[in-house]
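Structural description and commentary
So the chains spell out like this:
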Amino acid sequence: MNIDELCAYHPSHPKKQTVYEWVSKKTIPYHKMTKGLMFLQSEIDEWLKSGAQKSEEDLMREVREFVLSKKGKEV
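We now turn to the structure provided with this report. Everything quoted here is computed from the prediction, not taken from an experiment. (Residues numbered from 1 in each chain as written. Predicted model: local features only at pLDDT ≥ 70, side-chain atom pairs only at ≥ 80, totals over all residues. Heavy atoms only, no water.)

**Brief notes about the overall build of the chain**
What the chain contains, in helices and strands, is four helices and two strands. Listing the helices and strands of the chain from first to last along the sequence gives α-α-β-β-α-α. Across the 75 residues of the chain, 21% fall into the buried class. For the chain, contacts bridging at least 24 residues in sequence account for 40% of all contacts bridging at least 6. In the structure as shown, the chain presents an accessible area of about 5900 Å², 55% of it carried by carbon and sulfur atoms. (Helix = DSSP H or I, 4+ residues; strand = E, 2+ residues; numbered from the N terminus. Buried < 20%, exposed > 50% of the residue type's maximum accessible area, 1.4 Å probe, protein only. Contact = heavy atoms within 4.5 Å. Areas by Shrake-Rupley, 256 points an atom, 1.4 Å probe, with all protein chains shown as cover.)

Structure below.
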């Protein structure tokens, strides 16, 4: 699926910008092709079934970013 097809397929019918944010945060399975982003329906179905849970790698990256953003600031 391309991004337009994904937006139509996804139950909440997100805007393209939302999907691009998911891609940049690596929270949605995607594939970069020469003509842009592509999404496999089987991977999207699995992602939706799993509740779009973040991977351990994603969680660790978010923790590192949070800690780095707080360095030098009172917490």
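Still more to cover.
**A look at the environment of Asn 2**
When you line up the elements, Asn 2 lands in the segment before helix H1 (3-9). Using a relative accessible area of 29% as the deciding quantity, one classes Asn 2 as partly exposed. Expressed as a C-alpha distance, the spacing of Asn 2 and Leu 37, which sit 35 residues apart in the sequence, is 6.3 Å. In this structure, Asn 2 is in contact with Leu 37, Met 38 and Phe 39, ignoring residues within four places of it in sequence. Of note is the side chain of Asn 2, whose polar atom sits 3.0 Å from the backbone nitrogen of Asp 4. (Polar contact = N/O pair within 3.5 Å; in protein donor to acceptor, adjacent residues only side chain to side chain.)

**Overview of helix H2 (residues 16-24)**
Of all the positions in H2, only Val 19, Trp 22 and Val 23 are classed as buried. Along the long axis of H2, the arc covered by the buried residues comes to 100 degrees, so they all point the same way. In this structure, the buried residues of H2 make contact with H1, strand E2 (36-38) and helix H3 (41-49). Just downstream of H2 lies Lys 26, where phi reads positive at about 55 degrees. (Arc of directions from axis to C-beta.)

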